[in-house]
Amino acid sequence: SVCGMVAEGDKVQLRLSCSGLPALDFGSLTDGFVVVSVQQDGSWTQIGRTETVWDCLDPVFKKMFALRYRFQEKQIVRCEVYDDDSNVKHHTRHKLKVDGSSLAAHDFIGATEFTLGSLIGASEQTLTFPLENTGPRQSSKGPKHRGSITVSVVLDSTSYEEL
């Protein structure tokens, strides 16, 4: 949990989990992962992606993402959730590359955007958003309801990627 206020310039880490993801592939549950991007100076920068959690509609991701909080800036964070369709599930369950170009091979579930400031100002520094099936990767596959993503601020771990 977070103690005290987050100050300008502090490094915060985002912990992600999803619930109620749709099963998009016949005969198996969702193999979910999240791609995290940040908007800076009007353009999006992908800061990384979580590991894939196999066969789970309510995944909790171990990998966290570090951002430096800048009070004066509107830091917009985008989380896109995918169903991993890389066909490596039964062979190699590790070492998926951070490679934005490969996202077309996976089923888009949904996304959300929020400002880092709104998350830091939230109760318990945790927010839950519905996943929206909109944007350039919008999918015609699966149900209208796409589940939700919960984002929390963590200050006490060292497993993160620096932006």
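Hey, could you go over the nonpolar core for me, with residue numbers and the actual values?
In terms of nonpolar packing, the biggest core is built from 29 residues, with L14, V34 and I149 touching the most fellow members. Every element with two or more residues in this core is listed here: strand 1 (11-19), strand 2 (32-40), strand 4 (64-68), strand 5 (76-83), strand 6 (107-115), helix 1 (116-120) and strand 8 (148-154). Ranked by residue count, the leading element in this core is strand 1, at four residues. Discounting residues that sit within four places of it in the chain, V34 has contacts with L16, C18, G48, R49, T50, F61, C79, E80, V81 and I149.

For the environment of Q75, give the residues involved together with the corresponding values.
Checked against the element boundaries, Q75 lands in the loop between strand 4 and strand 5. On the basis of relative accessible area, Q75 is assigned to the buried category, the value being 7%. Along the primary structure Q75 and T115 are separated by 40 residues, whereas in three dimensions their C-alpha atoms are 5.4 Å apart. At a separation of 2.9 Å, a polar atom in the side chain of Q75 contacts the main-chain amide nitrogen of R70.

Just give me the short version of the confidence of the model for the protein, but keep the residues and values in it.
Confidence in the prediction for the protein averages 84 pLDDT; 83% of positions are at 70 or higher. No element of the protein has a lower mean pLDDT than strand 9 (residues 160-161), which averages 48, and none a higher one than strand 7 (residues 126-130), which averages 97. Every residue in residues 90-94 is under pLDDT 50, and counting partners more than four places away or in other chains gives three contacts. Residue range residues 97-101 is modelled with pLDDT below 50. Its contacts to residues more than four positions away, or to other chains, number eight contacts.

Got a sec to walk through the pattern of salt bridges? Specific residues and values, please.
For the structure shown, the criterion picks out four salt bridges. Across the pair R137 and E80 runs a salt bridge whose closest N-O atoms are separated by 2.9 Å. Taken together, the positions of R137 in the loop between strand 7 and strand 8 and E80 in strand 5 put the pair 57 residues apart, joining distant regions of the chain. With a relative accessible area of 35%, R137 lands in the partly exposed category. When its relative accessible area of 8% is taken as the criterion, E80 is described as buried. Residue D107 is joined to K141 by a salt bridge in which the shortest nitrogen-to-oxygen separation is 3.0 Å. With D107 in strand 6 and K141 in the loop between strand 7 and strand 8, this pair connects stretches of sequence that are 34 residues apart. If you follow the salt bridges from partner to partner, you end up with R78, E80, E113 and R137 in one network.

How would you explain the environment of R15 if you had to name every residue and give the values?
Within the secondary structure layout, R15 lies in strand 1. Measuring from C-alpha to C-alpha, the distance between R15 and K63 comes to 7.3 Å, with 48 residues separating the pair along the chain. In this structure, R15 is in contact with F61, M64, T150, V151, S152 and V154, ignoring residues within four places of it in sequence.

Hey, could you go over the state of the cysteines for me, with residue numbers and the actual values?
Evaluated as defined, the whole model comprises zero disulfides. Considering cysteine sulfurs only, C18 is the nearest to C56, which forms no disulfide, with 9.3 Å between them.

Any details on the pairing of strand 5? Residues and values, ideally.
Burial runs high along strand 5: eight of the eight residues are buried. Relative to strand 5, strand 2 runs antiparallel, the two being bridged by eight bridges. In the strand pairing of strand 5, V34 is matched with V81. Of the pairings in the sheet, the one linking strand 5 to strand 6 comprises eight bridges and is antiparallel in character. Of the residues in strand 6, the one forming a bridge with C79 is T112.

Cut-off values and rules
Residues numbered from 1 in each chain as written. Predicted model: local features only at pLDDT ≥ 70, side-chain atom pairs only at ≥ 80, totals over all residues. Heavy atoms only, no water. Core = buried A, V, L, I, M, F, W, Y, C linked by side-chain atoms within 4.5 Å. Buried < 20%, exposed > 50% of the residue type's maximum accessible area, 1.4 Å probe, protein only. Helix = DSSP H or I, 4+ residues; strand = E, 2+ residues; numbered from the N terminus. Contact = heavy atoms within 4.5 Å. Polar contact = N/O pair within 3.5 Å; in protein donor to acceptor, adjacent residues only side chain to side chain. pLDDT = per-residue confidence, 0-100. Salt bridge = Lys/Arg side-chain N within 4 Å of Asp/Glu carboxyl O. Disulfide = S-S within 2.5 Å. Pairing = 2+ DSSP bridges.

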